[in-house]
Amino acid sequence: MQKKSITSRAFWLIIVSGMLTGMGNGSVFGAAMMCMLGRGYFLSWGGDGGTAYNPVTFTGFIDMAMIVFGVMFCLIMFVGLKKHDALENA
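Residues numbered from 1 in each chain as written. Predicted model: local features only at pLDDT ≥ 70, side-chain atom pairs only at ≥ 80, totals over all residues. Heavy atoms only, no water.

Help me understand the overall build of the protein in this model?
Helix and strand counts for the protein come out as three helices and zero strands. Taking 2.2 N^0.38 as the reference for a compact globule, 90 residues should give roughly 12 Å; the C-alpha atoms of the protein span a radius of gyration of 18 Å, well beyond that estimate. Principal-axis analysis of the C-alpha atoms places the extent of the protein at approximately 60 × 25 × 15 Å. A total of 90 residues make up the protein; the buried ones form 27% of that total. Here the protein contributes 6 positive and 4 negative side-chain charges, whose respective centroids are spaced 11 Å apart. (Helix = DSSP H or I, 4+ residues; strand = E, 2+ residues; numbered from the N terminus. Rg over C-alpha atoms; globule rule 2.2 N^0.38 Å. Buried < 20%, exposed > 50% of the residue type's maximum accessible area, 1.4 Å probe, protein only. Lys, Arg positive; Asp, Glu negative; His and termini not counted. Charge placed at Lys NZ, Arg CZ, Asp CG, Glu CD.)

Help me understand the side chain of T57, please; the structure alone is not making it clear to me.
Note on placement: T57 falls in the loop between α2 (11–37) and α3 (58–88). Overall, the relative accessible area of 5% leaves T57 in the buried class. Within the structure, the side chain of T57 is placed 2.9 Å from the backbone oxygen of T51, a separation counted as a polar contact. For T57, the side chain forms a polar contact with the main-chain nitrogen of G60, separated by 3.2 Å. (Polar contact = N/O pair within 3.5 Å; in protein donor to acceptor, adjacent residues only side chain to side chain.)

What is the right way to look at α2 in this model?
An α-helical turn contains 3.6 residues, so any two residues separated by three or four positions project in the same direction. Over its 27 residues, α2 runs 38 Å from end to end, which matches the ideal 39 Å to within 8%, given 1.5 Å per residue. Contacts made by the buried residues of α2 are with α1 (6–9) and α3. Directly after α2, the chain includes G38, whose backbone phi takes a positive value near 70 degrees. (Expected span 1.5 Å × (residues − 1). Contact = heavy atoms within 4.5 Å.)

I'm lost on the packing of α2 against α3 in this one. Help?
Two quantities define a packed helix pair, namely the angle between the helix axes and the distance between the axes. The contact between α2 and α3 brings their axes to 6 Å, and the two run at 140 degrees. Accordingly, the angle class assigned to the pair α2 and α3 is oblique. α2 and α3 meet at a crossing whose hand is right-handed. (Axes fitted to C-alpha atoms, helices over the stretch in contact; angles between N-to-C directions. Parallel < 35°, antiparallel > 145°, perpendicular 65-115°, else oblique. Left-handed = near helix turned anticlockwise from the far one by under 90°.)

Would you explain a nonpolar patch on the surface in this entry?
The grouping of Y53, M64, I67, V68, V71, M72, L75, F78 and V79 at the surface amounts to a nonpolar patch, some 760 Å² of accessible area in total. Looking at the secondary structure, you find V68 in helix α3. (Patch = residues over 30% accessible without salt bridge, like charges linked within 9 Å, V, L, I, M, F, W, Y side chains within 5 Å. Areas by Shrake-Rupley, 256 points an atom, 1.4 Å probe, with all protein chains shown as cover. Salt bridge = Lys/Arg side-chain N within 4 Å of Asp/Glu carboxyl O.)

Help me out: how do you make sense of the confidence of the model for the protein in this one?
Keep in mind that low pLDDT regions are not for reading the predicted coordinates in detail. Chain-level statistics for the protein give a pLDDT mean of 89 and a share of 99% at 70 or above. Here α1 is the element of the protein with the lowest mean pLDDT, 89, and α3 is the one with the highest, 93. (pLDDT = per-residue confidence, 0-100.)

I would appreciate a short explanation of the environment of G47 in the present structure.
In this fold, G47 is placed in the loop between α2 and α3. Between the C-alpha atoms of G47 and G60, which are 13 residues apart in sequence, the distance is 7.8 Å. When near neighbours in sequence (up to four residues on either side) are disregarded, G47 contacts A52 and T59.

How do you make sense of the packing of aromatic side chains when you look at a structure like this?
Each aromatic ring pair is summarised here by two numbers: the centre-to-centre distance and the angle between the ring planes. Scanning all chains against the criterion turns up two aromatic pairs. Taken together, a centroid distance of 5.0 Å and an interplanar angle of 80 degrees make the contact between F11 and W12 edge-to-face. (Phe/Tyr/Trp six-rings, centres within 6.5 Å; stacked < 30°, edge-to-face > 60°.)

Pasting the structure below:
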């Protein structure tokens, strides 16, 4: 029986920890942006319902940044574990 790769065994670990870490860093980015710019050029705060995820509103931009950071951290974890698997099984 062949052993599964590390990336296939750690699928949910990649998704959960990547999104938690990335979205946490995205919220820090949003807080830093909020402190430096204020509302800046955003015409709407966008905190109600679906407008909270509209990237042209203030909170929508921060929420989309958090999602992008989360997806990118998942990608980073996938690449890192894939390289680790290649080194371990070489």
